[in-house]
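Below, each chain spelled out in residue letters.
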Number of protein chains: 2
Amino acid sequence: MAPKWRDLADRLAEQIRNGEYEPGAQLPQIRELVEAGEGSKATVHQAYKALEAEGLVTSTRGHGTVVRPRTPLKRLGIARYDKAKWRDGDEVAFIADRVASGRAYKRNEQTQTVSREIASSLVAEGLGVPVGSDIYARARLVKEGTQPTHTLTSYYRPEHVEGTRIVDPTPGPAGRGGGYRVLYDAGYEIDHMKEALFARVPTAEEVQLLQLPAGEPVVELHRTTYTADGTVVEFAVGIHSASRFAWEYEFRVPDSANDTGAEDSA
Amino acid sequence: MAPKWRDLADRLAEQIRNGEYEPGAQLPQIRELVEAGEGSKATVHQAYKALEAEGLVTSTRGHGTVVRPRTPLKRLGIARYDKAKWRDGDEVAFIADRVASGRAYKRNEQTQTVSREIASSLVAEGLGVPVGSDIYARARLVKEGTQPTHTLTSYYRPEHVEGTRIVDPTPGPAGRGGGYRVLYDAGYEIDHMKEALFARVPTAEEVQLLQLPAGEPVVELHRTTYTADGTVVEFAVGIHSASRFAWEYEFRVPDSANDTGAEDSA
DNA sequence: TAGTGGTCTAGACCACTTC
DNA sequence: AAGTGGTCTAGACCACTAA
């Protein structure tokens, strides 16, 4: 038999999914359910914690427990890196992306700090430099209104960006055109990229920085950007609030029959 | 001030990360910590639940609380779809992928059930058919040894697969060469694909089916496979245990300057 | 059967939000 | 000040695992 708190949580979850409690609606207070015979305070509380972990509600002291609104997924396709957006236009990629996603045009809040750092093993591998090398780090915290949605930290080799606007720690997207435009002006036109992503539970630090609701996972993105000759000009790490983003990739089915040792059975 | 259970959880987490408790090692029993003055049973229990939710330990009744081993991430690149693997060879793609990932060669356990179903809105949209259409569903549960790692359910339009081995509900990867080989033999050679992915907390059903440890997120993958003329021949949905997989995509930076109305400022 | 974590209670008290 | 969720205790009892 399922525990008492599970039963209660399941009943409430069902009511939420049914729409009996709409987004923003308030659930019964814990003490009410205690008096209604749903169990002791600890038991009801445990049920509420479960609903929170499942992403259905958020509880706040003094305020109550309310049904969480479901934010629409922002779909991230590779079109957001279109050269036309940062090379020719006067809008940086992330703005153009926002327009393309069909949302109301609104400049993202974005904090930015640039610092000179020592390459960790992750960054060193991504950037193709020895561990402990001096590198530049440009860290952004991107918000939708007042709510943080993700962080994105770009790492550069000093010889690629020294003296450019990227190194100038002025708030904003590295001046007109963003980081790729700056690299372009410096003679490094980006040509191809690699993105790797995986999901995990956030660290306590990430929960605070991104103001994550209880139970919200994060998606960690590792992006490597190359010039045509294969030089890595940027390695970036992003931490995304999972419920806000989906990633989309289109590609041709590979066929290595001609360039590998595979036997041809035909 | 942080709650008592948070302090305890943080201390234990630090010891785990330090290696003072190695993977597989057993944490002190709850009753021990209660006697050591760390708080009441409920308090210590709450700390242990937090560690579990953070993916650091797993608790089992009768056995104790042990440090979770960190499974290496399996990296999924688009090379796993290489035509050579399913068209020419006698190994199906998922086996070849396993070999390429550097792991010991071992046939995956895989259950498979084929059924005729009514298209949900998700499947209908993915397959390009009206909601409620008859379609074929081929559901697999893939395990690594005895531990499930992900589900993958492929949906097909009846006219593409009727009479092929795909519809034959024999366990195993749809016969020699897998589903893409069957489609190829039927005159539908796959050409390009689209993958969309996002992370979320699992449903109770998924927790049970995939035997997910507490706090483990899942990654949901939507894969659409096309022939050269743009016909969708397969739409697949996968649910992956998050800590076991990373996805990698390489692509060229798009440049729509020539085929859009973008002004040329040069 | 012994030993482990999990559930549950009844009640006290704390921390935060809102008025 | 009133009202909300969060923490904590002490102890009883349950459910599962392993020898």
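Owing to the predicted nature of the structure, the values given are computational and were not obtained by experimental measurement.

J.: Now, about the protein's contact with DNA strand C: what can you tell me, with residues and values included?
T.: Near DNA strand C you find 22 residues, and of these K4, S40 and T43 of chain A together with Q29 and K41 of chain B are the closest. Among the atoms of DNA strand C lying within 4 Å of the protein, the sugar-phosphate backbone contributes 66%. Here a base oxygen of DNA strand C and a backbone polar atom of G62 of chain B are 2.7 Å apart. Every element with two or more residues in the surface near DNA strand C is listed here: α1 (4-18) and α3 (41-53) of chain A together with α2 (30-35), α3 (41-53), β1 (57-60) and β2 (64-67) of chain B. At 3 residues, the largest contribution of residues to the surface near DNA strand C is made by α3 of chain A.

J.: Please give an account of the relation of the copies chain A and chain B that cites residues and values.
T.: Superposition of chain A onto chain B requires a rotation of 180° combined with a translation of 0.0 Å along the rotation axis, giving an RMSD of 0.1 Å. What the rotation and shift describe, once combined, is the action of a two-fold rotation axis. The share of interface residues of chain A whose copies in chain B are also at the interface is 100%, consistent with both copies meeting through the same surface.

J.: A description of the UniProt feature "domain: HTH gntR-type" (unreviewed entry) in chain A should follow, citing residues and the corresponding values.
T.: Annotation from UniProt places "domain: HTH gntR-type" (unreviewed entry) at residues 2-70 of chain A. Secondary structure within residues 2-70 of chain A divides into 49% helix and 12% strand; the distance between the first and last C-alpha atoms comes to 28 Å.

J.: Lay out the protein's contact with DNA strand D with the relevant residues and their values.
T.: Taken together, 22 residues are adjacent to DNA strand D, and Q29 and K41 of chain A together with K4, S40 and T43 of chain B come closest. Backbone sugar and phosphate groups make up 68% of those atoms of DNA strand D lying within 4 Å of the protein. A distance of 3.1 Å is found between a phosphate oxygen of DNA strand D and a side-chain nitrogen or oxygen belonging to W5 of chain B. At 2.4 Å from a phosphate oxygen of DNA strand D is found a side-chain nitrogen or oxygen belonging to T43 of chain B. Mapped onto the surface near DNA strand D, the elements with two or more residues apiece are α2 (30-35), α3, β1 (57-60) and β2 (64-67) of chain A together with α1 (4-18) and α3 of chain B. No other element matches α3 of chain B, which puts 3 residues into the surface near DNA strand D. By residue class, the composition of the surface near DNA strand D is 4 nonpolar, 13 polar and 5 charged.

J.: Would you mind going over the interface of chain A and chain B in detail, with residue names and values included?
T.: The partner chain B presents 42 residues to the 42 residues of chain A that form the contact. Taken over both partners, the interface formed by chain A and chain B buries close to 4000 Å², and the fraction arising from carbon and sulfur atoms is 61%. Together, Y249, F251 and V253 of chain A form the three largest contributors to the area buried by chain A at its contact with chain B, with a combined 17%. Taken together, chain A and chain B are joined by 2 salt bridges.

J.: Would you mind going over the sheet that holds strand β10 (residues 245-252) of chain B in detail, with residue names and values included?
T.: One open sheet accounts for 8 strands, arranged β4(A)-β5(A)-β6(A)-β9(A)-β8(A)-β7(A)-β10(B)-β3(B); its pairing is mixed. On the outer flanks of this sheet lie β4 (109-118) of chain A together with β3 (74-76) of chain B, each paired with one strand and no other. Each adjacent strand pair in this sheet contributes to an overall mean axis angle of 20°, direction not counted. In this structure, strand β6 (residues 147-156) of chain A lies alongside strand β9 (residues 232-241) of chain A, joined through 6 bridges in antiparallel fashion. Bridged to Y155 of chain A within β9 of chain A is F235 of chain A.

J.: Outline the pattern of salt bridges, supporting the account with residue identities and numerical values.
T.: Summed over the entire model, instances satisfying the criterion amount to 32 salt bridges over all chains. The shortest N-O distance in the salt bridge between R252 of chain A and D191 of chain B comes to 3.0 Å. Here the residue R252 of chain A occupies a position in strand β10 (residues 245-252), and D191 of chain B occupies one in strand β7 (residues 190-200), the pair thus bridging two chains. We classify D191 of chain B as buried; its relative accessible area is 11%. A salt bridge links R68 of chain B to E216 of chain B; the shortest N-O distance between them is 3.0 Å. Of this pair, R68 of chain B sits in the loop between β2 and β3 while E216 of chain B is found in the loop between α9 (204-209) and β8 (218-227), placing the two residues 148 residues apart along the sequence. Accessibility expressed as a relative area gives 15% for R68 of chain B, which makes it buried.

J.: Can you tell me about the sheet that holds β8 of chain B, naming the residues and giving the values?
T.: Strand order across the open sheet formed by 8 strands is β3(A)-β10(A)-β7(B)-β8(B)-β9(B)-β6(B)-β5(B)-β4(B), with mixed pairing between neighbours. Edge strands, defined here as strands with exactly one partner in the open sheet, are β3 (74-76) of chain A together with β4 (109-118) of chain B. Direction aside, neighbouring strands of the sheet carry axes that sit 20° apart on average. As defined by bridge partners, β3 of chain A adjoins β10 of chain A across 3 bridges and the pair is classed as parallel. Considered in β10 of chain A, the bridge of K74 of chain A is made with F245 of chain A.

J.: Talk me through the packing of aromatic side chains; I want residue IDs and the actual numbers.
T.: One pass over the structure, following the stated rule, counts 7 aromatic pairs over all chains. Ring centres 6.0 Å apart and planes at 40° place the aromatic pair F245 of chain A and W247 of chain A in the tilted group. On the basis of relative accessibility, which here comes to 4%, the residue F245 of chain A falls in the buried class. Taking relative accessible area as the criterion, W247 of chain A reaches 1% and is therefore assigned buried. With a centroid separation of 6.2 Å and an interplanar angle of 45°, the aromatic rings of F251 of chain A and Y249 of chain B are classed as tilted. Taken together, the positions of F251 of chain A in strand β10 and Y249 of chain B in strand β10 put the pair across two chains. The exposure class assigned to F251 of chain A is buried, which follows from its relative accessible area of 10%. Owing to a relative accessible area of 3%, Y249 of chain B belongs among the buried residues under this scheme. Through a chain of ring-to-ring contacts, the aromatic side chains of Y81, Y249 and F251 of chain A together with Y81, Y249 and F251 of chain B assemble into a single cluster.

J.: Provide a residue-level description of the nonpolar core, including the pertinent values.
T.: Note that soluble globular proteins tend to have their nonpolar side chains buried in a common cluster. Ranked by size, the top nonpolar core spans 49 residues in total, and within it L197 and W247 of chain A together with L197 and W247 of chain B carry the most contacts. Elements supplying a minimum of two residues to this core: α8 (178-185), β7 (190-200), β8 (218-227) and β10 of chain A together with α8 (178-185), β7, β8 and β10 of chain B. Leaving out residues up to four positions away in the same chain, L197 of chain B has contacts with L197, A246 and W247 of chain A together with V219, E220, L221, W247 and Y249 of chain B.

J.: If you had to explain the side chain of R140 of chain B to someone new, which residues and values would you point to?
T.: Residues and elements named next belong to chain B. Positionally, R140 belongs in strand β5 (residues 134-144). Buried charge R140 goes without a salt bridge, the closest partner of opposite sign being E234 at 4.7 Å. The contacts of R140, once residues within four sequence positions are left out, are Q110, T111, Q112, H150, T151, L152, T153 and S154.

J.: An account of the side chain of T151 of chain B is requested, with residue identities and associated values reported.
T.: Among the structural elements, T151 of chain B can be located in strand β6 (residues 147-156). Excluding residues that lie within four positions of it along the chain, T151 of chain B makes contacts with R140, L141, L209, L210, V237, G238 and I239 of chain B.

Calculation notes
- By convention here, each chain's residues receive numbers from 1 onward along its written sequence.
- In the order they appear in the text, chains get letters beginning with A and ligands get numbers beginning with 1.
- Local features in this predicted model are restricted to residues of pLDDT 70 or higher, and side-chain atom pairs are both shown and tallied only at a pLDDT of 80 or more, whereas totals for entire chains, interfaces and linings draw on every residue.
- Side-chain measures here rest on the full set of heavy atoms in the structure, leaving out hydrogens and waters.
- Only heavy atoms are used to decide nearness, and a residue is near a molecule or strand if one of them lies within 4 Å of it.
- Pairs of N or O atoms within 3.5 Å make up the polar contacts considered here, provided that, within protein, one atom can donate a hydrogen while the other can accept it, and that residues adjacent in sequence are counted only when both atoms are side-chain atoms.
- In this text, helices come from DSSP runs of H or I with a minimum length of four residues, and strands from runs of E with a minimum of two, each type numbered from the N-terminal end.
- For the least-squares superposition of copies, only C-alpha atoms count, and only for residues with pLDDT at least 70 in both.
- Contact criterion: two residues are considered in contact whenever any of their non-hydrogen atoms come within 4.5 Å of each other.
- UniProt positions are given in the numbering used here, feature names are shortened, and annotations may be inferred rather than shown by experiment.
- Following the grouping adopted for this structure description, the nonpolar residues are Ala, Val, Leu, Ile, Met, Phe, Trp, Tyr, Cys and Pro, the charged ones are Asp, Glu, Lys and Arg, and the polar ones are all others, Gly among them.
- Values labelled buried area give the accessible surface lost by two parts on being combined, using a 1.4 Å probe and summing over both.
- Definition used for salt bridges: Asp or Glu carboxyl oxygen within 4 Å of a side-chain nitrogen of Lys or Arg.
- Pairing between two strands requires that DSSP report at least two bridges joining them.
- Axis definition: a line fitted to C-alpha atoms, limited for helices to the stretch in contact. Angles are taken between N-to-C directions and run from 0 to 180 degrees.
- Note on exposure labels: buried denotes an accessible area under 20% of the residue type's maximum, exposed denotes more than 50%, and partly exposed covers the range between, all computed with a 1.4 Å probe on protein chains only.
- Two aromatic rings, drawn from Phe, Tyr or Trp (for Trp, its six-membered ring), form a pair once their centres lie within 6.5 Å of each other, and the interplanar angle then sorts them: stacked below 30 degrees, edge-to-face above 60, tilted otherwise.
- What makes a nonpolar core is a set of buried Ala, Val, Leu, Ile, Met, Phe, Trp, Tyr and Cys residues whose side-chain atoms join them at distances within 4.5 Å.
- Only four residue types enter the charge count: Lys and Arg as positive, Asp and Glu as negative, with His and the chain ends excluded.

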